[in-house]
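If you want the building blocks of each chain, they are given just below.
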Amino acid sequence: MPIAPTPYFLHASKPDAQRMVRLSRWLARACAVLVLALPLSVLLYWALADQSRLAMQGHLAAQVIVGTLLPYQRALGAALTLVPVLLLCVGLWHARSCFLLFASGQVFSGQAVRRLRQFASWALASVLASVGVASALSVVLTLENPVGMRHLALGLGTDQVFSVFFVGMVWLMAAVISHGQQLADENAAFV
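Before going into details, it helps to say that this report is about the structure given with it. Counting of residues starts from 1 at the beginning of each chain's written sequence and follows it residue by residue. Only residues with pLDDT of 70 or above have their local features reported here, since the model is predicted, and side-chain atom pairs are shown and tallied only from 80 upward, although totals for entire chains, interfaces and linings are computed over all residues. Computation of side-chain values covers all heavy atoms of the structure but excludes hydrogens and water.

### Considerations on a nonpolar patch on the surface
Each patch is built from residues lacking any salt bridge and having more than 30% relative accessible area; the joining distance is 9 Å for like charges and 5 Å for nonpolar side chains (Val, Leu, Ile, Met, Phe, Trp, Tyr). Note on areas: these come from Shrake-Rupley sampling with a 1.4 Å probe, and a residue is covered only by the protein chains present in the view. Salt bridges are counted wherever a side-chain nitrogen of Lys or Arg sits within 4 Å of a carboxyl oxygen of Asp or Glu. Taken together, the side chains of Leu-70, Tyr-72, Leu-76, Val-139, Leu-143, Leu-152 and Leu-154 present a nonpolar region at the surface, about 630 Å² in accessible area. Strands here are runs of E lasting at least two residues and helices are runs of H or I lasting at least four, both read from the DSSP assignment and numbered beginning at the N terminus. Positionally, Leu-152 belongs in the loop between helix H4 (110-141) and helix H5 (158-190).

What follows is the structure in structure tokens.
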């Protein structure tokens, strides 16, 4: 019967272990706050921001929007913008669970790896959705323009490229942790 591995935090010095537990708990709380704050901030932004700022969300210049945005355009824009934000919130909820596992000393557990991979998957879905949403926003924001002055803007920004790179790093770290855990389990079986 294999011996269960000792959690990593139990091998660290006591001040280091306490610091890692505190940081993991703090990050778990931060994820929970973000899950609530991000959707609310999107709704407030679309309710209060001026047209020139909203135009940037659709990769448009401010002067492209003719007239004043109607309430339905703001509501539709907010709904579209919520799609990638809500996908990211699901990922953050998985990250929160991962940090709680870290705080309990389960750094190299299969469950922590699954949570990291879930975070990476949902974050990637959020990035991919944001590309399509920006294009859809350009249409929504110019719906009330006269015929011939409506726009469809396509764009991919450095923030999205960086986000995909970051998500790839998290996915790879989860794979490395999983591989390390498999090696530890094999070594424990030989003892």
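### A few points about the packing of aromatic side chains
Two rings from Phe, Tyr or Trp (for Trp, the six-membered ring) form a pair when their centres sit within 6.5 Å of each other. Planes less than 30 degrees apart are called stacked, planes more than 60 degrees apart edge-to-face, and all others tilted. Applying the stated criterion across every chain, the model contains two aromatic pairs. Ring geometry for Phe-99 against Phe-102: centres 6.2 Å apart, planes inclined by 75 degrees, an arrangement best described as edge-to-face. Pair noted here: Phe-99 and Phe-102 are both in helix H3 (residues 71-103), with a separation of three residues, about one helical turn. Here's how the labels work: a residue is buried when its accessible area is under 20% of the maximum for its type, exposed when over 50%, partly exposed in between, all with a 1.4 Å probe on protein chains only. When its relative accessible area of 14% is taken as the criterion, Phe-102 is described as buried.

### Thoughts on the layout of surface pockets
Taken as a whole, the largest pocket holds about 760 Å³ of empty space. For each structure, a 1 Å grid was placed over the protein atoms alone; sets of points admitting a 1.4 Å probe that cannot get out are labelled cavities, open sets with protein on both sides within 12 Å along at least five of seven lines are labelled pockets, and lining residues have an atom within 4 Å of a point. Taken together, 26 residues line the largest pocket, and the ones lying closest to its centre are Pro-84, Ser-126, Ser-130, Asp-159 and Gln-160. Of all elements in the fold, only helix H1 (14-48), helix H2 (51-57), H3, H4 and H5 reach the threshold of two or more residues within the lining of the largest pocket. The element contributing the most residues to the lining of the largest pocket is H4, with eight residues. Throughout this entry, Asp, Glu, Lys and Arg are counted as charged residues, while Ala, Val, Leu, Ile, Met, Phe, Trp, Tyr, Cys and Pro are counted as nonpolar. The remaining residues, Gly among them, count as polar. Of the residues belonging to the lining of the largest pocket, the class tally is 16 nonpolar, nine polar and one charged. Grid points are joined across faces, edges and corners, and a volume is the space filled by probe spheres set on the points.

### Regarding the state of the cysteines
Working definition of a disulfide: a covalent bond connecting the sulfur atoms of two cysteines. Here, the term disulfide refers to a pair of cysteine sulfur atoms separated by no more than 2.5 Å. Evaluated as defined, the whole model comprises zero disulfides. We note that Cys-89 lacks a disulfide partner, and the nearest cysteine sulfur, in Cys-31, lies 10 Å from it. Cys-98 forms no disulfide, and the closest cysteine sulfur to it belongs to Cys-31, at a distance of 9.2 Å. The class for Cys-98 is buried, based on a relative accessible area of 1%.

### Considering H1
Helix length check: H1, at 35 residues, gives a terminal C-alpha distance of 49 Å against a target of 51 Å (1.5 Å per residue), a fit within 8%. One axis fitted to the seven residues ending at a residue, another fitted to the seven starting there: the angle between these axes is the bend at that residue. The sharpest bend along H1 measures roughly 25 degrees and falls at Leu-34. All of the buried residues along H1 are Ala-17, Val-21, Ser-24, Ala-28, Cys-31, Val-35, Pro-39, Val-42 and Trp-46. If you follow the buried residues of H1, they end up packed against H2, H3 and H4. Given a helix with a known number of residues, its expected span is that number minus one, times 1.5 Å. Contact between two residues is taken to exist if any of their heavy atoms lie within 4.5 Å; hydrogens are not considered.

### Some words on the environment of Ala-175
Relative to the helices and strands, Ala-175 is located in helix H5. Given a relative accessible area of 28%, Ala-175 falls into the partly exposed group. Taking C-alpha positions, Ala-175 is 8.4 Å from Arg-117, a pair spaced 58 residues apart along the chain.

### Topic: the nonpolar core
Among the nonpolar cores identified, the biggest contains 35 residues, and Trp-46, Leu-60, Leu-116, Phe-119 and Leu-141 are the most heavily contacted of them. Within the residue set of this core, elements represented by two or more residues are H1, H2, H3, H4 and H5. Definition used in this section: a nonpolar core is a set of buried Ala, Val, Leu, Ile, Met, Phe, Trp, Tyr and Cys residues joined via side-chain atoms within 4.5 Å.

### Remarks on H5
Given 3.6 residues to a turn, an α-helix orients residues that are three or four positions apart in the same direction. With 33 residues, H5 should cover 48 Å at 1.5 Å per step; its first-to-last C-alpha distance of 48 Å lies within 8% of that length. Those residues of H5 that are buried lie in contact with H4.

### Concerning the environment of Val-127
One can find Val-127 in helix H4. In this structure the C-alpha to C-alpha distance between Val-127 and Leu-88, which are 39 residues apart in sequence, comes to 8.4 Å.

### Quick word on the packing of H1 against H3
For any two helices packed against each other, one specifies the inter-axial angle together with the distance between the axes. Orientation is described by lines fitted to C-alpha atoms, with helices fitted over the stretch in contact, and by angles between N-to-C directions that extend from 0 to 180 degrees. For the pair H1 and H3, the least separation of the axes is 8 Å and the interaxial angle reads 175 degrees. The orientation of H1 with respect to H3, classified from their angle, is roughly antiparallel. Class assignment of the residues belonging to the contact of H1 with H3 gives a composition of 27 nonpolar, four polar and three charged. For this classification, under 35 degrees means roughly parallel, over 145 means roughly antiparallel, 65 to 115 means roughly perpendicular, and everything else is oblique.

Everything listed here is a matter of geometry and, on its own, says nothing about what the molecule does.
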